[in-house]
Amino acid sequence: MGMSQPVVLKSNRYGINLILDADMPFGQLEEAILEKFRESEKFFKNAKIAISFEGRRLSQEEEFSILDMIAKNTSIQVICVVDQDEMREQMYKEKIDSYYQDVADNTGEFYKGTLRSGQVLKCDTSIVIIGDVNPGAKIIAKGNIVILGSLKGNAYAGAAGDESCFVTALDMDPVQIKIGNVIGRSADRGPWEAIRNRHRTMDPQIALVSKGNIMIEPITHGLLKKI
């Protein structure tokens, strides 16, 4: 039995559920889906969404055909297809969050130039800075911080609470480093002070969390394999 509308589009903040007529020939159904998306384009412009299908069992080829049509004719990016029994907003959210986490794990941003006193640079991924970070400047990144220059200001890596992140610089002489929720200050006693007061070299160094403290070590191949 066909529906009064061959395609019904239901959406939430993270995804779209397409309820499809069970009997309409697939070619006509695709045209109806495209029409429905064109009607909704202004609501989903450049959106990254999860999608699910209901009311009709689609072959993998049919699913691919629909996704390809959406990609070619709209600005919507379908991140994943969610099975019918998972059609809850939380599941959509987890799929989208997982996509963004994968992207963040594998990409980063570049910044070319020196950060001067008073400047704050924020980044939702990892960041590579080609230049110096002067005293009074601050970098805040959800991922790792790599400085191809001197770090003499403040650096905050793993800003979402990730203590597995690191900060590295060609010349490591920071006012403060924070990784996740662990802070190392130049005035602190303990491992940080020993590092600060030893003969400083111009060797590239890396700061990471070890046993609840921020440790700074010269970069070696062995150390990089452990990160």
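Below or above, wherever it landed, is the structure these notes cover. (Residues numbered from 1 in each chain as written. Predicted model: local features only at pLDDT ≥ 70, side-chain atom pairs only at ≥ 80, totals over all residues. Heavy atoms only, no water.)

This next bit is on the environment of Ser150. Assignment of secondary structure puts Ser150 in strand β9 (residues 145-151). We classify Ser150 as buried; its relative accessible area is 12%. Residues Ser150 and Thr168, 18 residues apart in the sequence, show an inter-C-alpha distance of 9.7 Å. Ignoring anything within four residues of it in the chain, the contact list for Ser150 reads Gly131, Asp132, Val133 and Asp171. (Helix = DSSP H or I, 4+ residues; strand = E, 2+ residues; numbered from the N terminus. Buried < 20%, exposed > 50% of the residue type's maximum accessible area, 1.4 Å probe, protein only. Contact = heavy atoms within 4.5 Å.)

Strand order across the open sheet formed by four strands is β1-β2-β3-β4, with mixed pairing between neighbours. Edge positions in the open sheet fall to β1 (7-11) and β4 (77-81), since each of these has one partner strand only. Here the strands of the sheet are splayed against their neighbours by 30° on average, with no regard to which way each runs. Sheet topology note: the strand β3 (residues 48-54)/β4 ladder contains four bridges and is parallel. Each bridged residue has a counterpart across the sheet, and for Ile51 the counterpart in β4 is Val81. On top of the sheet, helix α1 (residues 26-44) reaches β1, β2 (15-20) and β3; it is set at about 30° to β1, its chief contact. (Pairing = 2+ DSSP bridges. Axes fitted to C-alpha atoms, helices over the stretch in contact; angles between N-to-C directions.)

General note: in soluble globular proteins, nonpolar side chains tend to be found buried as a group. Core analysis: the largest hydrophobic core is formed by 24 residues, its most contacted members being Ile145, Leu151, Val167 and Ile177. Contributing elements (two or more residues each) for this core: β6 (120-123), β7 (126-130), β8 (138-141), β9, β10 (154-157), β11 (166-172), β12 (176-179) and β15 (213-218). Dropping the residues within four chain positions of it, Leu151 is found in contact with Val133, Val167, Ala169, Asp171, Met172, Asp173, Pro174 and Ile177. One finds Met24, Ala32, Phe53 and Ile70 within the second-largest nonpolar core, a separate group that totals 23 residues. (Core = buried A, V, L, I, M, F, W, Y, C linked by side-chain atoms within 4.5 Å.)

Reading across from one edge, β5-β7-β9-β11-β14-β15 is the order of the six strands in this open sheet, with mixed pairing throughout. On the outer flanks of this sheet lie β5 (108-112) and β15, each paired with one strand and no other. Geometrically, the sheet is characterised by an average inter-axis angle of 25° between neighbouring strands, direction not taken into account.

With that settled, consider the pairing of β3. Counting buried positions along β3 gives five out of seven residues, so the element sits mostly inside the fold. Pairing of β2 with β3, which is carried by five bridges, proceeds in the parallel orientation. Pairing of Ile16 across the sheet is with Ile51, part of β3. At this point the chain moves from β2, through α1, to the parallel β3, and the crossover so formed is right-handed. Following the chain from β3 across helix α2 (residues 60-73) to the adjacent parallel β4, one finds a crossover that is right-handed. (Right-handed = clockwise from strand over helix to strand, strands pointing away.)

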